[in-house]
Amino acid sequence: MNKRWWKEAVVYQVYWRSFFDTDGDGYGDIRGVIEKLDYIKKLGVDVIWLNPVYESPDKDNGYDISDYQSVMDKAGSMDDWENLLNEVHRRDMKLIMDLVVNHTSDQHPWFQESRSSKENPKRDWYIWKDPSAEGGPPNNWRSYFTPSTWEYDEKTGQYYFHSFAVEQPDLNWRNPEVREAIFDMMKFWLDKGIDGFRMDVINLLAKLEGFPDAEQPEKINYLGNNPGIHAYLQEMNEKVLRHYDIMTVGEIPFVTPEDGLKYVGEDRDELHTLFHFEVADDMPTWDMLRFKEIQKTWYEGMYGKGWNSQFLNNHDHTRQVTRYGNDGEYREKSAKLLATMIHTLPGTPYIFQGEEIGMTGVDFDSIEDYHDIAMKNKYEEEVGKGRDPQKVLEELKPLSRDNSRTPVQWDNTKHAGFTDGEPWIPVNPNYKEINVEQALEDPTSIFYYYQKLISLRKENDVMVYGNYEDLSEGDERLYMYTRSLDGVTWLVVLNHSDEAHDLELPEESKGAQLMIGNYGDTEKTVRELETTLQPHEARIYEYTN
Ligand code: TEU
């Protein structure tokens with residue numbers, strides 16, 4: 001298998017607005033990221049993924065861009081950003097930027113022009129359609145954030161298309177001028193020396209020909225993976241990507257392993273890696289059997305042919321220890337177990353800020369404390385149907401994107417040391433117990449466990465390139481698998497439950513050495529194959545064959 005730096009890397013995601021505030025406006029900022037770079041570096045990660053910092057009316061926290069080539073005030077200035085890039089590089093890390101090119105803000109000058117008249121040269125830069133024959137929207141599609149993908153524009157009597165909020169009109173990628181403008185913009189950032197892109201919903205660029213009505217409009221999967229997408233990505237690769245030593249990771253909802261390979265196959269010249277959403281979007285709570293099946297099919301589909309990513313949370317998904325683990329009695333063990341799993345399954349592991357100290361989701365009392373446009377729109381929609389607001393709120397809370405967007409908890413002082421001002425979103429009230437300062441003082445903390453896992457990745461190719469075999473198919477609580485490479489085998493054993501469980505280790509593991517574990521008193525060498533795993537216990541053993 002081809003060795004590549006981005007396969008060996010660990011990526012740390014910085015959602016800057018909730019990271020660290022240096023100017024007291026209640027939003028994190030680029031200077032805040034710079035100030036905390038040594039902290040990030042201490043973890044041992046190689047790459048930082050920075051969420052969008054571009055000029056934006058901020059309806060969707062920066063994913064509605066009104067100028068791709070400048071930095072929004074809340075985040076700082078272009079000078080700050082240049083400093084960040086330098087400081088990241090000076091510490092031998094890399095910086096990848098969010099690329100949001102499926103849509104712009106409705107305030108982007110391109111859209112302003114486009115909506116101004118049917119004859120405007122930029123009319124065709126977006127997707128405009130006449131009302132349907134009966135009047136009303138051109139088809140029955142739902143968008144991610146609203147009941148329809150179509151918004152009527154009085155001025156010209158047509159509808160424009162938006163996969164997300166009304167304020168996020170989709171670009172028309174069929175138009176070669178659009179593609180050229182985007183490619184030029186990408187070169188602008190690449191020429192500044194960035195190390196790659198995380199590509200927002202990149203498989204949505206091609207729209208389904210003819211926009212036919214959907215049989216199941218609520219299953220918004222017709223929005224992605226449509227014919228034409230690979231031609232766009234190949235053109236992007238040919239004209240831009242291949243000329244730089246960078247990493248690209250595509251955010252690709254609704255993708256199966258088979259289709260995944262079309263985006264990241266090593267013979268395809270499109271992208272390097274992808275995020276699929278079979279876990280984050282389709283597994284609302286932990287389901288061990290389903291998770292194992294997902295790992296198996298992706299491994300079988302991709303191993304040796306294309307590269308995957310591993311993550312359980314990001315700025316769109318509830319924090320992993322809350323959603324998929326135990327954020328109560330076993331929070332620390334559970335956070336370490338999930339980390340062990342993500343860092344030893346095939347693919348590049350991602351850490352979302354705060355995950356390394358086991359931050360948890362939130363439960364705010366009022367809808368006013370929530371900011372997520374996806375949640376707010378859904379709330380309005382449901383309450384608009386006459387439903388009980390409190391019930392709707394309770395229903396939406398567990399998967400609200402704000403679960404992961406509360407400020408990083410730095411210490412136990414006011415607002416968790418995140419800001420001197422009023423934070424844009426409330427701090428999780430548990431910051432007195434869960435914070436960075438406390439984690440750094442405790443050698444057994446989740447933080448240092450991550451640090452050790454990351455350093456193991458640096459020293460052991462098997463963790464990156466090894467093949468994968470599940471030895472525990474059918475078991476709903478225990479997960480045991482191997483990664484093997486050149487005669488070295490790593491055996492990972494995980495007890496993803498609140499009870500202790502007996503387990504028989506495989507014969508070959510007699511004499512195996514413990515590489516890391518989340519209980520302090522585990523024997524360093526396997527003498528007996530019969531063993532008992534404590535609640536949320538995780539161990540990695542190494543043996544040679
Ligand atoms: O997210 C796409 C999105 O809708 C995710 O929330 C979803 O979980 C997954 O991608 C596919 O179903 C991206 C950004 O990450 C998100 O913050 C933006 O709101 C969205 O695109 C629009 O730009």
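Residues numbered from 1 in each chain as written. Predicted model: local features only at pLDDT ≥ 70, side-chain atom pairs only at ≥ 80, totals over all residues. Heavy atoms only, no water.

Enquirer: Outline the packing of aromatic side chains, listing residues and values.
Expert: Each aromatic ring pair is specified by the distance between its two centres and by the angle formed by the two planes. Considering all chains together, one arrives at 43 aromatic pairs under this definition. Ring centres of Tyr54 and Trp189 lie 5.4 Å apart, and the angle between their planes is 70 degrees; this geometry places the pair in the edge-to-face category. A residue pair is termed long-range when its members are at least 10 positions apart, and Tyr54 in strand β3 (residues 54-55) and Trp189 in helix α6 (residues 176-191) qualify at 135 residues. As far as burial versus exposure is concerned, Tyr54 and Trp189 are alike and both buried. Put simply, the rings of Trp286, Phe291, Tyr299, Tyr303, Tyr324, Tyr468, Tyr479 and Tyr481 pair up and form one aromatic cluster. We note Lys36 situated over the ring of Trp410; from NZ or CZ to the ring centre the distance is 4.2 Å. One residue, Arg123, lies across the ring of Trp128, its end atom 3.7 Å from the ring centre. (Phe/Tyr/Trp six-rings, centres within 6.5 Å; stacked < 30°, edge-to-face > 60°. Helix = DSSP H or I, 4+ residues; strand = E, 2+ residues; numbered from the N terminus. Buried < 20%, exposed > 50% of the residue type's maximum accessible area, 1.4 Å probe, protein only. Lys NZ or Arg CZ within 6 Å of the ring centre and 35° of its normal.)

Enquirer: So what about the site of the ligand? Which residues, and what values?
Expert: Around the ligand lies a shell of 18 residues, among which Asp60, Asp200, Glu251, Asp281 and Asp316 are the nearest. Asp200 places a side-chain nitrogen or oxygen 2.8 Å from an oxygen atom of the ligand. Coverage of the ligand by the protein chains reaches 96% of its 500 Å² of free accessible surface. When the residues that make up the shell around the ligand are grouped by side-chain class, the tally is seven nonpolar, three polar and eight charged. (Near = heavy atom within 4 Å. Polar contact = N/O pair within 3.5 Å; in protein donor to acceptor, adjacent residues only side chain to side chain. Areas by Shrake-Rupley, 256 points an atom, 1.4 Å probe, with all protein chains shown as cover. Nonpolar A, V, L, I, M, F, W, Y, C, P; charged D, E, K, R; others polar.)

Enquirer: Account for the domain arrangement of the chain, naming residues and giving values.
Expert: Domains assigned within the chain are domain 1 (5-103 + 176-451), domain 2 (109-161) and domain 3 (466-544). A separation of 30 Å is found between the C-alpha centroids of domain 1 and domain 3. The interface is formed by 23 residues belonging to domain 1 together with 28 residues belonging to domain 3. Taken together, the two surfaces of domain 1 and domain 3 that pack against each other cover about 2,300 Å², and 66% of this comes from carbon and sulfur. Ranking the residues of domain 1 by area buried against domain 3 places Lys292, Leu337 and Thr344 at the top, with a combined share of 26%. A salt bridge links Glu473 to Lys296, with the nearest nitrogen and oxygen atoms 3.8 Å apart. Elements with a contribution of two residues or more to the side of domain 1 that touches domain 3: α9 (288-302) and α11 (331-344). When the residues that make up the side of domain 1 that touches domain 3 are grouped by side-chain class, the tally is 14 nonpolar, five polar and four charged. (Domains from an automatic or database assignment. Contact = heavy atoms within 4.5 Å. Buried area = accessible area lost by both parts, 1.4 Å probe. Salt bridge = Lys/Arg side-chain N within 4 Å of Asp/Glu carboxyl O.)

Enquirer: Break down the packing of helix α8 (residues 257-264) against α9 for me, citing the residues and quoting the values.
Expert: Following both chains from N to C, one finds α8 and α9 inclined at 45 degrees, their axes separated by 9 Å at the closest point. Classed by the angle they form, the pair α8 and α9 counts as oblique. As α8 runs across α9, the sense of the crossing is right-handed. For the pair α8 and α9, the contacting residues are Pro257, Gly260, Leu261 and Val264 in the first and Thr297, Trp298, Gly301 and Met302 in the second. By residue class, the composition of the contact of α8 with α9 is five nonpolar, three polar and no charged. (Axes fitted to C-alpha atoms, helices over the stretch in contact; angles between N-to-C directions. Parallel < 35°, antiparallel > 145°, perpendicular 65-115°, else oblique. Left-handed = near helix turned anticlockwise from the far one by under 90°.)

Enquirer: Provide a residue-level description of unusual backbone geometry, including the pertinent values.
Expert: For Asp269, which is not glycine, the phi dihedral falls at a positive 55 degrees. Residue position: Asp269 is located in the loop between α8 and β11 (273-275). Taking relative accessible area as the criterion, Asp269 reaches 43% and is therefore assigned partly exposed. A positive phi is found at His536, a non-glycine position, where the angle reads about 55 degrees. Mapping His536 onto the fold places it in the loop between β19 (530-533) and β20 (538-544). Owing to a relative accessible area of 3%, His536 belongs among the buried residues under this scheme.

Enquirer: Give a description of the sheet that holds β20 that names residues and reports values.
Expert: With respect to topology, five strands assemble into an open sheet ordered β14-β15-β16-β20-β18, the strand pairing being antiparallel. Because the sheet does not close on itself, it has two edges, and the strands there are β14 (467-470) and β18 (513-517). In this sheet, neighbouring strand axes are inclined to one another by 20 degrees on average, regardless of whether the strands run parallel or antiparallel. With four bridges connecting them, β18 and β20 associate as antiparallel partners. Its bridge partner being in β20, Gln513 is matched across the sheet by Glu542. Contacts between α11 and the sheet are confined to β15 (478-485), β16 (488-495) and β20, with β16 contributing the most and set at about 145 degrees to the helix. In the packing of helix α15 (residues 446-459) onto the sheet, the strands contacted are β16, β18 and β20, and the crossing angle to β18 comes to about 135 degrees. (Pairing = 2+ DSSP bridges.)

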